[in-house]
Amino acid sequence: MRIAIIGFGSVGRGVAEAIADNQNGLTVTAVADSKSAAIDESGLNIAEILRNKAETGICGSPDITVSDIISSDAYDILVEVSPTNAETAEPALGYIRGALAGGKYVVTSNKGPIALKFEELHALAEAHGVTLRYEATVCGAIPLIHTIEHGIAGNEISRLYGIFNGTCNYILTRMAEEGLTYQQALLEARELGYAEADPTYDVQGIDAAIKLVILANAVWGMKKCLDDVDIIGIDRVTSAAIALAEKEDQTIRLIGEIDPADDILRVSPRIIPKSHPLVVRDTLNAVTIETDLAGEITLIGKGAGSSETASAILSDLLFICDCYGRRD
Amino acid sequence: MKDSPGQLVAALKPISDMGGNILSVIHERDPEADGGLLDVQIMCEISEGTLDTLLSQYRSQGISVLRVGEERFLVRRSIILIGHLIHTDISDTIDKIDSTGYAEVHELSMVMPAINEPSSAKMTIKSDCITDVNRALAILRDVAREKELLIIESLEGN
């Protein structure tokens, strides 16, 4: 199938490389970054485009826009990996709507549109006989959505909770293991590139809350938005508090939790036994799913990073190919 | 039990052997009583579901249990509070739980760093059942909001 990639940062480039490297029946026919785009229905030369991007900073011609790609018939699946806007979801939302309305499949890593407009986009996809997949929006490389939708299909999921933010997990791990203060651990996370210059989004629990909203809407159809999540971040956690927990073989982690029966949707630091499978180190993510038939299932993996995100996108792309690729 | 030396210790030992906690022992010698037997009332905390084991231990030692009083289910839940705990009156915070009549603050350990820095405390709440512990936690959540304290609950806290 033919792929158009919108957003040519590290994730977009990672996806393009993975498609070019693997003999998996996928061809990249269009790419776009914020300033330029390239289209070739017979398949773009990825090596050349990556070289251009590295040398000039743009991937194609400034005369071609993202809209030209979206409205074209040069692609079957849109890979939308442009930067996230958690408030308006634009411009990604417009791109996704345009592609779905044109009967194209969409794979995205963009949390904004999925958190804000899941119901609308899902309905739009159904109306046009296509699908929208978003594995990369939650927990990076962990196949969480796939596990829930397919791996444990038929199970009733009663509760889902876990560690959805690697930055916070890194900070809390360092505070626990080295007795660092919150500020020291944050500084270290920044130096290592795990935290942004403005860490608000991560440390105040907003990033984790957005992922909960996506799961609540996608798994349970709860029709929730960010305001429905009770959010407490980690920025007031002290190393003394962690030391108090450690005295009883427990520790503190930022846990996101969905319990639909009790209408619980919250992100907060929690005391958790150190022997609990969710207590992972450094930037790892971990999620426990409580089900009626399969019991508890815990998935652990890398929640961020370009190749990890590309992995999730590639699996969505191949899933679409397997299910719908030979239909024509 | 027989009113002879060492009998009381023998009656208490099975409780401590199973890791139980003895809360009170009422041991009254009645000079009028005959037969050299003595009634002892023990109040203790033992792990859930171990009462039958304790009773059979007593039987095998020749101690007969006249009556098992109220068997109460004890639930403990720990939380951590962070903030200006002293300035926001920690004893008032504790009173809010103790005065409920269904839950009490069982343990409190506090770390106070430099002046004006927020302190951290681990508080254990004890009650007869999960419902009451959750009611007490709801009160604490309100107090924390009011006093601008960060409350960290345990994961299995639902």
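Residues numbered from 1 in each chain as written. Chains lettered and ligands numbered in written order. Predicted model: local features only at pLDDT ≥ 70, side-chain atom pairs only at ≥ 80, totals over all residues. Heavy atoms only, no water.

In the nomenclature of an unreviewed UniProt entry, chain A corresponds to Homoserine dehydrogenase from the organism Methanogenium organophilum. Heading Sequence similarities (unreviewed entry) of the UniProt record for chain A holds this comment: "Belongs to the homoserine dehydrogenase family." (UniProt positions renumbered as here; feature names shortened; annotations may be inferred.)

Observations regarding the pairing of strand S12 (residues 296-302) of chain A
As paired elements, strand S11 (residues 284-291) of chain A and S12(A) share 7 bridges and run antiparallel to each other. Note that in S12(A) the partner of Asn285(A) across the bridge is Gly301(A). (Pairing = 2+ DSSP bridges. Helix = DSSP H or I, 4+ residues; strand = E, 2+ residues; numbered from the N terminus.)

Focus: the interface of chain A and chain B
Listed per partner, the contact involves 25 residues of chain A and 19 residues of chain B. It is Arg236(A), Leu244(A) and Ile271(A) that lose the most area in chain A upon contact with chain B, and together they represent 37% of the buried surface on that side. Our enumeration of links across chain A and chain B arrives at 2 salt bridges. Along the contact surface separating chain A from chain B lie 8 residue pairs in polar contact (both at pLDDT 80 or more). (Contact = heavy atoms within 4.5 Å. Buried area = accessible area lost by both parts, 1.4 Å probe. Salt bridge = Lys/Arg side-chain N within 4 Å of Asp/Glu carboxyl O. Polar contact = N/O pair within 3.5 Å; in protein donor to acceptor, adjacent residues only side chain to side chain.)

Considering the environment of Asp263(A)
All names here are of chain A. If you trace the backbone, Asp263 turns up in the loop between strand S9 (250-259) and strand S10 (264-273). Its relative accessible area of 51% is what places Asp263 among the exposed residues. Measuring from C-alpha to C-alpha, the distance between Asp263 and Met222 comes to 9.4 Å, with 41 residues separating the pair along the chain. The residues contacting Asp263, other than those within four sequence positions of it, are Met222 and Lys224. One polar contact links Asp263 to Lys224, side chain to side chain, over a distance of 3.3 Å. (Buried < 20%, exposed > 50% of the residue type's maximum accessible area, 1.4 Å probe, protein only.)

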